[in-house]
Every structure is written in C-alpha cells, then in structure tokens.
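Chain by chain, the residues run as shown.
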Amino acid sequence: MVRKSLLLLAFVAAPLAARAQDLDSGKLIAIRSLRTVAAEAALVVDLRQHGRVTETYAEEMQQDAEDELNGLRKQAEKKNPDLLSITQQAIDAAKASDARALHAIADKLLAMEGPHGRAD
Amino acid sequence: MGGLIEITLGIMTAVGGFVDVSEMVFAAQAGSRFVFSLIWVFAIATVAIAVFGEMSGRVAAITKQPVFNLMRQRLDLGPGIIALVASVVVSIITCAAEIGGTATVLKYLTGWPYSVLAALTTLALVAIIWTLPFKWIERLFGLLGLLMIVFAVATVKIHPDWGGVARGFIPQVPVSLPLKDLVTYGYFVVAIISAVLFPYETYFYSSGGVEEQWKPKDLKVNRLVAIVGFALGSMLAISILVNAAVLFRPLHVDPSIVGTSALQAAIPFGRTGLLMALLGMVFAFSGAAVETGLSSAYSLAQFLGWEWGRFRKPHEAPRFTIAWIATFALSLAIVLTGVQALDLVEWAVVLSIVVLPATYLPLILIANDRKYMDRHVNGPVSNVLGWVSYAMICIAALAALPLYFVTQGGKL
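Counting restarts for each chain, with residues numbered from 1 along the sequence as it is written. Here the convention is simple: chains get letters from A, ligands get numbers from 1, in the order in which they are written. With pLDDT at 70 or above as the cut-off, local features in this predicted model cover only qualifying residues; side-chain atom pairs require 80 or more to be listed or tallied, and sums for whole chains, interfaces and linings still use all residues.

1. Quick notes on the overall build of chain A
In step 1: In this description a helix means any DSSP run of H or I spanning at least four residues, a strand means any run of E spanning at least two, and both kinds are numbered starting from the N terminus. In terms of helices and strands, chain A carries five helices and zero strands.
In step 2: Starting at the N terminus, the α and β elements of chain A follow one another as α-α-α-α-α.
In step 3: For every residue, the other C-beta atoms within 10 Å of its own C-beta are counted; 20 or more classify it as buried, 12 or fewer as exposed, and values in between as partly exposed. C-beta atoms are placed from the backbone. In chain A, which comprises 120 residues, the proportion classed as buried is 34%.
In step 4: For every residue pair, C-beta atoms are placed from the backbone, and the pair is scored as a contact if these atoms sit within 7 Å. The long-range share in chain A, meaning contacts at least 24 apart out of those at least 6 apart in sequence, stands at 63%.

2. Examining unusual backbone geometry
Residue and element names in this part refer to chain B.
In step 1: You will see that Lys 64, though not glycine, has its phi angle at about 65°, which is positive.
In step 2: For Gln 213, which is not a glycine, the phi torsion comes out positive at approximately 55°.
In step 3: Tracing the chain through its elements places Gln 213 in the loop between helix 12 (199-211) and helix 13 (219-248).
In step 4: Given 12 C-beta atoms within 10 Å, Gln 213 falls into the exposed group.

3. Thoughts on the packing of helix 2 (residues 25-49) of chain A against helix 3 (residues 55-79) of chain A
Residue and element names in this part refer to chain A.
In step 1: A fitted line through C-alpha atoms serves as each axis, taken over the contacting stretch for helices, and the angle formed by two N-to-C directions is quoted from 0 to 180°. Closest axis-to-axis distance for the helix 2/helix 3 pair is 10 Å, and the angle between their directions is 160°. Taken together, helix 2 and helix 3 sit at an angle that is classed as roughly antiparallel. Here the hand of the crossing between helix 2 and helix 3 comes out left-handed. Seen from helix 2, the contacting residues are Gly 26, Ala 30, Ser 33, Leu 34, Val 37, Glu 40, Ala 41, Val 44 and Arg 48; seen from helix 3, they are Ala 58, Met 61, Gln 62, Ala 65, Glu 68, Leu 69, Leu 72, Gln 75, Ala 76 and Lys 79.
In step 2: Taken together, the residues of the contact of helix 2 with helix 3 sort by class into eleven nonpolar, four polar and four charged. Small angles under 35 degrees read as roughly parallel and large ones over 145 as roughly antiparallel, with 65 to 115 read as roughly perpendicular and the rest as oblique. Handedness of each helix crossing follows the sense of rotation of the near helix against the far helix: counterclockwise by less than a right angle gives left-handed, clockwise gives right-handed. Throughout this entry, Asp, Glu, Lys and Arg are counted as charged residues, while Ala, Val, Leu, Ile, Met, Phe, Trp, Tyr, Cys and Pro are counted as nonpolar. The remaining residues, Gly among them, count as polar.

4. So, the environment of Leu 9 of chain B
In step 1: Summarising the element assignment, Leu 9 of chain B is placed in helix 2 (residues 8-18).
In step 2: Sequence spacing of Leu 9 of chain B and Thr 407 of chain B is 398 residues, and the spatial spacing of their C-alpha atoms is 36 Å.

5. What to know about the confidence of the model for chain A
All names here are of chain A.
In step 1: pLDDT is defined as a per-residue confidence score from the predictor, taking values between 0 and 100. For chain A, per-residue confidence averages 85 on the pLDDT scale, and residues scoring 70 or more make up 77% of the total.
In step 2: Per-element confidence in chain A is highest for helix 4 (residues 84-95), whose mean pLDDT is 98, and lowest for helix 1 (residues 2-22), whose mean pLDDT is 48.
In step 3: Contacts of residues 18-23 to residues separated by more than four positions or lying in other chains number eight contacts, the stretch itself having pLDDT below 50.

6. Regarding helix 11 (residues 179-196) of chain B
In step 1: The end-to-end C-alpha separation of helix 11 of chain B is 26 Å, in line with the 26 Å expected for 18 residues at 1.5 Å each.
In step 2: Of all 18 residues in helix 11 of chain B, 16 are buried, a share of seventy percent or more. A helix is expected to reach a length of 1.5 Å times the quantity of its residues less one.

7. A closer look at the nonpolar core
In step 1: Core analysis: the biggest nonpolar cluster contains 188 residues, and Ala 38 and Leu 102 of chain A together with Ile 192, Leu 241 and Leu 363 of chain B have the highest contact counts within it.
In step 2: At 23 residues, helix 14 (residues 263-304) of chain B tops the list of elements feeding residues into this core.
In step 3: Beyond its immediate sequence surroundings of up to four residues, Ala 38 of chain A is in contact with Ala 90, Leu 102, Ile 105, Ala 106 and Leu 109 of chain A. By convention in this section, buried Ala, Val, Leu, Ile, Met, Phe, Trp, Tyr and Cys residues joined through C-beta atoms within 7 Å make up a nonpolar core.

Next comes the structure, spelled out in structure tokens:
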C-alpha cells in the first residue's frame, strides 16, 4: 500500500516538477525576494516612527535589510540586469528610512509578480 | 504550578521543535503566502509527533532504552550507520542554525556584533549543560520558552477571521493556485511535516525519559507531557502562521529576515510585546540548540554503546561529554563561516527526511513487541495513528527532494 502510494506520488511529482522548471523561476524568485525585503524594511520604518519598536532593534533590522538588498543587487547584476534599477531604488529608500518609497516599490514588484503574487 | 514543572520536558522538546528558528520564518511565510490553508498540516503533524513522542517515552519507561538504542538493535549495520551519520549531521547543522538564530536575536536586543554573540551563546550553553542537572536544564528552557505565548496572545488581540482559521484545519489542496504556487504549496506541506517531526525531538525526549529514570508508574505523566507539550508547541506555530496571514500578508511581507517575526507582537503590544517576543525567541532557539547538541551526543553514545547521560558526572561518561562539547564547537565553527541560519535550516529539513523513516519504524515495531513491552504494547488507537503517520512520513520523504530542488527551498 505504502509502496504503491510512493510510486504514484513519484509519477505525479516528476512531470509537475519538470513543467514548473520550464517557467522563468529564477526571475520570479528574485522579484519576490526583493519585494518582501522592501516591505519588511517599510514596516520597520513605520513602526519605528510610531515608537512601537526599540531603537536598537530598528537599527539592526535596517542594517539587515540593507545587507539583504545589497546581496540581491549583486545577484541582479549577474542574472537579472533589468531589476538593477528598482533594487538600487530600494537600497536608497532603505538608507533614507523612506517608508512611503519602500511601500511603493513593494507594490510595484507585487504587480510584476502577476498571478504568482498573492493568489488566494 | 507543580503540574507545569512536571511537563517541562514536553514543553522544552515541543517549543524547541515547533518554534525554533526554522518555524519562526517558515510558519510565518506559510501564513503570509497561503493564508490559513496550511494549518491542517501542522495539526496532522502534531498528532503524529505526539503519538511518536508518547510511544518513545513509554518505551523508555518500560525498557529503560531510548530510541537510538532500539534503532541499533532493529536496523542492520549498514542502514544503522547511515541513520547515525545522517542524524548526527542533521543535529549539528540544526544546532548551528539555532546558535546563529539566537545570536541574531541577541543582536536585535543589544546591538553587539553577531560573531561575538554567537561565541558567547555557545559558551553559555556549554556552561549551562555542564553545570546544571538535566531536570534544571529542561525547566530553564521549558519555562522561559513560554514567553513565546505572546504570539498566541497577539493572535487573540488582532481578531483574525476565526471561521477561516477553523476551515484551515480541514485538509485541502488549493487547486486554483497557479502551477508554480501549487508546487511551492506542496513543498511547504512536506517541509512542515519534516520540521515538526525532526528526529532529534524523539531522541531528546526519550533520552530525557531515561535521564529522569521514568518507570511504568510515570506512563500517565508521559502521555500528558506528550499531548500537552506538543499541542502547546503546535498552538504557537499556528499562532505565528495566523498572525502572518493577518498582519504581514496585506503589507506584502513574506518574512525573510529572522527578526521580522517579532513584529507580530510589536504591532499589537508595542515595545513590551517586541521585547517579550525577542526574549522568548532567545530561549526557544537556545533550548533547541541544547536539544540538538545533546541529541547528537545521545545518538553517537547510544549507537556505539558508550556510557551516556547528564545524570552521570562529565568524567563518568567522558566520550559522551566530548561528543556534546564537540557538537557545539563544530556548530559554532559553521556559524562563524558566515553561512545564513535560514540556509542551514533548509538543509537540515531536507536531510532529516533521510532519517525520519529509519527513526520511527524501529520505534513503532518495538512499541508493538510484547517481548520488550509486555502489557504496555500499543493499543489499537496508537497503532492506527502510528502506522498512518508512518505512511505520511514515507510519502513526505519521497516527495521532499524533488520539491526542494524545483522550488529552490520554497522560494519559488
């Protein structure tokens, strides 16, 4: 019974996996990673402005977000040069603690994800 | 309070297993990406780990032997060695991830350098294990890990759609999702099962039962510990998922930074909530580091027939002592290479799949064997739940690697 189930799963999983790989997965992952880091940075800036997080936490989170964004910029240079501009905008907005700009960037990236964004 | 103290082994095992560094990000991503539709996976996996946890505690109480002893007796040498190597590797990688996670959270609290905090964390954990009796280790991390309850309180405070949450407990496949998202959903299903059933939990729990010298009269406590402890851990993980669906999803946040999850408490409760969440994370992650560090040494010592146990003084079980100290030293070395804690967790989740079937099959066979268990063999409920859970683990094990590579560790 178990062996039959395992074989069935293998037969179902293999073509699904192959089809999924045909799509441009790398770019979708890059957009999604950039979108969430921008959104996380925006959330921290918002909460900091409302005094709901400590200064140490906010500073360290901002640094982590900048590090993540710099890593994503390096990846974009190699694999997705068309994302370089928006990645740089996110880095600049994070450095400036500009929550509005970060939210706008996250919104734009979400739209770029298309139907893969936040399907319900 | 006496009851709470009695079940600290279950609480520490479950909090360390359910809300470690992997689940903090993983459960939050599950909620943010798929709303409540993955709650059922946590529920089913919780039943499985409670069943296997109770079984391993019962076997420990009756036979005085922990899980890895039984694996050595039931598996041939080849599969036994594969299970040993894989479980030690998984434990070391997971221990490194937990030390890295603890250091990261301490950085959010203090602003000190990450590598310094990682070294201090490791030294502190080694000192705690060296000096404290097992009972006090489990009480320290079990009780302080309860600070994580702030996430459950936050869930009540933010008023989620309780009907939607309840519907999340019904097994489902969101077929309306695009193919890529459906495949990623599949990866999350498998990875949650793997993460909830991490083998180190049963190694630690059953070895803890032997450390505490459980006897047949303790079987009722064992059942209570397994059910309450794992249900509590599961409730916390589900709370994190629900909070993410309500608080993060509308803001397009799929948490990729460890510290983001703490905002689930900061949004409703401000700085107090944030500090409780961060401290809870410190104790949950460091408790998981203790579990994995000791589990690695338990596995080695029990498989190779060494003297083992924290109920012995360090010099009375020298190879066991060296094994757990070496595990922490290796884990720290991995952390100091600069590899990300979350990358480590992904590898641990996939590697643990290799060990899961080899861990739970001997357990379920021994728990059914009257030569070992006499009248304390599995009842029909334990058997049905145990075998169904085992089938689920085998299916998850088969699907894990293809799904991991196709979805690039759930990032797709």
